[in-house]
Number of protein chains: 2
Amino acid sequence: MKPMTIGRLSSAAKVKVTTIRYYESIGLMGTPDRSASGQRLYGSVDVERLSFVRHARELGFSMDAIKDLIGLQTEPDQDCSAVDTIAQKQLAEVQKRLAQLEALERELKRMIENCRGGKVGGCQVMAAINDHSECETDKHERLKPL
Amino acid sequence: MKPMTIGRLSSAAKVKVTTIRYYESIGLMGTPDRSASGQRLYGSVDVERLSFVRHARELGFSMDAIKDLIGLQTEPDQDCSAVDTIAQKQLAEVQKRLAQLEALERELKRMIENCRGGKVGGCQVMAAINDHSECETDKHERLKPL
DNA sequence: ATACAGTCTACAGCGACTGTAGGGGCAAGT
DNA sequence: ACTTGCCCCTACAGTCGCTGTAGACTGTAT
Ligand SMILES: [Zn+2]
Ligand SMILES: [Zn+2]
Ligand SMILES: [Zn+2]
Ligand SMILES: [Zn+2]
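Each value, and the rule that gives it
Throughout, residues of each chain are indexed from 1 in the direction in which the sequence is written. Lettering for chains starts from A, numbering for ligands starts from 1, and both go in the order in which the items are written. In keeping with the predicted nature of the model, local features appear solely for residues at pLDDT of at least 70, side-chain atom pairs appear and are counted solely at 80 or more, and the whole-chain, interface and lining totals rest on all residues. Remark: hydrogens and water are excluded; side-chain values derive from all non-hydrogen atoms of the structure. A residue counts toward a patch only above 30% relative accessible area and without a salt bridge, and it is joined to like-charged neighbours within 9 Å or, for Val, Leu, Ile, Met, Phe, Trp and Tyr, to nonpolar neighbours within 5 Å. Here, Shrake-Rupley sampling with a 1.4 Å probe gives the accessible areas, and only protein chains in the shown set may cover a residue. Any carboxyl oxygen of Asp or Glu that lies within 4 Å of a side-chain nitrogen of Lys or Arg is treated as forming a salt bridge with it. Under the convention used here, Asp and Glu are negative, Lys and Arg are positive, and both His and the chain ends fall outside the count. Charge coordinates come from a single atom per side chain, which is NZ of Lys, CZ of Arg, CG of Asp or CD of Glu. Starting at the N terminus, helices and strands are each numbered in turn, a helix being any DSSP run of H or I of at least four residues and a strand any DSSP run of E of at least two. Nearness here has a simple test: a residue counts as near a molecule or strand if at least one of its heavy atoms is within 4 Å of that partner. Here a polar contact means two N or O atoms within 3.5 Å. Within protein one must be a hydrogen donor candidate and the other an acceptor candidate, and residues neighboring in sequence count only if both atoms are side-chain atoms. In this classification, Asp, Glu, Lys and Arg are treated as charged, Ala, Val, Leu, Ile, Met, Phe, Trp, Tyr, Cys and Pro as nonpolar, and every other residue, Gly included, as polar. Contacts are residue-level and defined by heavy atoms, with any inter-residue pair within 4.5 Å sufficient. As used here, buried area is the combined drop in accessible area, with a 1.4 Å probe, of two parts when they are placed together. Between N-to-C directions, angles span 0 to 180 degrees; the directions come from axes that are lines fitted to C-alpha atoms, helices contributing only their stretch in contact. Every angle not falling under 35 degrees, over 145, or within 65 to 115 is termed oblique; those three ranges are roughly parallel, roughly antiparallel and roughly perpendicular. Put simply, a crossing is left-handed when the front helix is turned counterclockwise from the back one by less than a right angle, and right-handed when it is turned clockwise. Copies overlap after least-squares fitting; the atoms used are the C-alpha atoms of residues with pLDDT of at least 70 in both. Each metal's donors are the N, O and S atoms within 2.8 Å of it, or within 3.2 Å when it is Na, K or Ca, and because water is not part of the set, sites may look incomplete. Irregular is the default label, applied whenever a site is not tetrahedral (four donors, all angles between 85 and 135 degrees) and neither square planar nor octahedral (four or six donors, opposite donors over 155 degrees apart, all other angles between 65 and 115). Partly exposed describes any residue whose relative accessible area lies between the buried limit of under 20% and the exposed limit of over 50%, with all areas from a 1.4 Å probe on protein chains only and scaled to the type maximum. Side-chain rings of Phe, Tyr and Trp, where Trp is taken by its six-membered ring, are said to pair if the distance between their centres is within 6.5 Å; with planes under 30 degrees apart they count as stacked, over 60 as edge-to-face, and otherwise as tilted.

K.L.:
Please set out a positive patch on the surface residue by residue, giving values where relevant.
P.N.:
A contiguous patch of positive charge, built from Lys16 and Arg57 of chain A together with Arg142 and Lys144 of chain B, is present on the exposed surface. With respect to the secondary-structure elements, Lys16 of chain A resides in the loop between helix H1 (6–13) and helix H2 (17–25).

K.L.:
I'd like to hear about the protein's contact with DNA strand D, residue by residue, with values.
P.N.:
Near DNA strand D lie 17 residues; those nearest to it are Ser37 and Arg57 of chain A together with Thr5, Gly7 and Arg21 of chain B. What you see for DNA strand D is that sugar and phosphate hold 88% of its atoms within 4 Å of the protein. Contacts to DNA strand D include Tyr23 of chain A, whose side-chain N or O atom sits 2.9 Å from a phosphate oxygen. Elements supplying a minimum of two residues to the surface near DNA strand D: H2 of chain A together with helix H1 (6–13) of chain B. With three residues, the top contributor of residues to the surface near DNA strand D is H2 of chain A. In the surface near DNA strand D, the residues fall into four nonpolar, eight polar and five charged.

K.L.:
I'd like a rundown of the interface of chain A and chain B, residues and numbers included.
P.N.:
In this assembly, 58 residues from chain A lie in contact with 58 residues from chain B. Where chain A abuts chain B, roughly 4900 Å² becomes buried across the two surfaces, and 72% of that area is made up of carbon and sulfur atoms. Contact with chain B buries surface across chain A, with His55, Val120 and Ile129 of chain A losing the most and accounting together for 12% of the total. Along the contact surface separating chain A from chain B lie zero salt bridges. Where chain A touches chain B, the interface holds 18 residue pairs in polar contact (both at pLDDT 80 or more). Taken together, the elements giving at least two residues each to the side of chain A that touches chain B come down to helix H3 (44–58), helix H4 (63–73), helix H5 (81–114) and helix H6 (124–130) of chain A. The biggest single contributor to the side of chain A that touches chain B is H5 of chain A, with 19 residues. Its residues placed into classes, the side of chain A that touches chain B shows 29 nonpolar, 14 polar and 15 charged.

K.L.:
Explain the packing of helix H4 (residues 63–73) of chain B against helix H5 (residues 81–114) of chain B to me, and be specific about the residues and the numbers.
P.N.:
Residues and elements named next belong to chain B. Contact geometry for H4 and H5: axes closest at 10 Å, N-to-C directions at 160°. In terms of orientation, H4 lies roughly antiparallel with respect to H5. The two elements H4 and H5 cross, and the hand of that crossing is left-handed. From H4, Ala65, Asp68, Leu69 and Leu72 reach across to H5, where they touch Ala82, Val83 and Ile86. Here the residues of the contact of H4 with H5 sort into six nonpolar, no polar and one charged.

K.L.:
Before we move on, can you summarise the relation of the copies chain A and chain B with the specific residues and values?
P.N.:
If you rotate chain A by 180° and push it 0.0 Å along the axis, it lands on chain B with an RMSD of 0.1 Å. Taken together, the rotation angle and the small translation identify this as a two-fold axis. Minimal C-alpha distance to the rotation axis in chain A is attained by Pro145 of chain A, lying at 1.9 Å.

K.L.:
An account of the coordination of the zinc ion (ligand 2) is requested, with residue identities and associated values reported.
P.N.:
Only Glu107 of chain A (OE), Cys135 of chain A (SG), His140 of chain A (NE2) and His55 of chain B (NE2) from the protein reach the zinc ion (ligand 2) as donors, at distances of 1.9 to 2.3 Å. Note that the zinc ion (ligand 2) binds four donor atoms; their angles at the metal cover 93 to 131°, and the shape is tetrahedral. Linking His140 of chain A in the segment after H6 with His55 of chain B in helix H3 (residues 44–58), this pair reaches from one chain into another. His55 of chain B shares its class with His140 of chain A; the two are buried.

K.L.:
Explain the packing of aromatic side chains to me, and be specific about the residues and the numbers.
P.N.:
Residue and element names in this part refer to chain A. For the structure on display, the rule yields two aromatic pairs over all chains. Arranged with centres 6.0 Å apart and planes meeting at 45°, the rings of Tyr22 and Tyr23 form a pair that is tilted. Of the residues examined, Tyr22 reaches a relative accessible area of 44% and is grouped as partly exposed.

K.L.:
Give a detailed account of the coordination of the zinc ion (ligand 3), specifying residues and quantitative values.
P.N.:
Every protein donor of the zinc ion (ligand 3) is accounted for by Cys80 of chain A (SG), Asp84 of chain A (OD), Cys115 of chain B (SG) and Cys123 of chain B (SG), and the metal-donor separations fall at 2.1 to 2.4 Å. For the zinc ion (ligand 3), the four donor atoms in the first shell make angles of 95 to 126° at the metal, a pattern classed as tetrahedral. Linking Cys80 of chain A in the loop between H4 and H5 with Cys115 of chain B in the loop between H5 and helix H6 (124–130), this pair reaches from one chain into another. Looking at Cys80 of chain A, the relative accessible area reads 1%, which means it is buried.

Written out as structure tokens, the structure reads:
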């Protein structure tokens, strides 16, 4: 149960040192104990918490959603429907993005297939970017990070 | 052929006024003429160029790629293979992101299906986020914006 | 004792915008 | 001529989730 420094936590949880400090700054990791010289000290509970955050990020959850999930984790007697709602929202986001990207894939493929080479002036890829008429226009919503 | 103000260009090309000024600031739109009082003045060629940029953005191309495409557009006698290479790279990006998101979808679905309700302490969604062992780990690369 | 790796704070930068503050301009209606 | 109200201008801060940098200090191994 001896405390570990931020570097050890970093390799245990596979989250970069700078990212851990960033998470602390946005209130995701609480304020750790400090050694006499001011170094942050962590325990195994922090490894778990940080691994949880990492996996949630890998699943595409926003920091806000993760804050909510961590809040719920500390109240294990509450009904889990709040958790499931967050996960379902995330699934819906992922599926929406999938639909958008599938449309992009079709459009890009079509553009590339139509091009028979030659000069830029006659390139079908260029023409297709210039011309919106072949779009699945409703799929051209803003692509946000996910 | 009378010039239009930035607002007219904005509605003609469906790109926000602030975004047009931003594109100018990063060198994507050249430096427009100005009226005596300093207002930007555009012509129909700018509508086309800006629409091209918008469609390329909607297709997920980065600003750097779009700069390259615009550069190529002004040399219509070159071979179009450079264009096609950019488009193929973009398609590859889209397909990579699709694979990642499909893995996320499967993982989220499985988590949600496994949850039988009850308290947070026993929630399978929480458990699955805590436990990486059921992951398609290789699909957990960083999700970058696209 | 010295070298080297790790840690500290504070701040700037990324991409692709969006929003705000505080001003000036322009056409139509009265 | 004057007012109303929208349009335009610049310059800068904020968004998200980090990442990188600078410069100083600490901890450990040889
Ligand atoms: Zn081509
Ligand atoms: Zn399209
Ligand atoms: Zn549940
Ligand atoms: Zn996973």
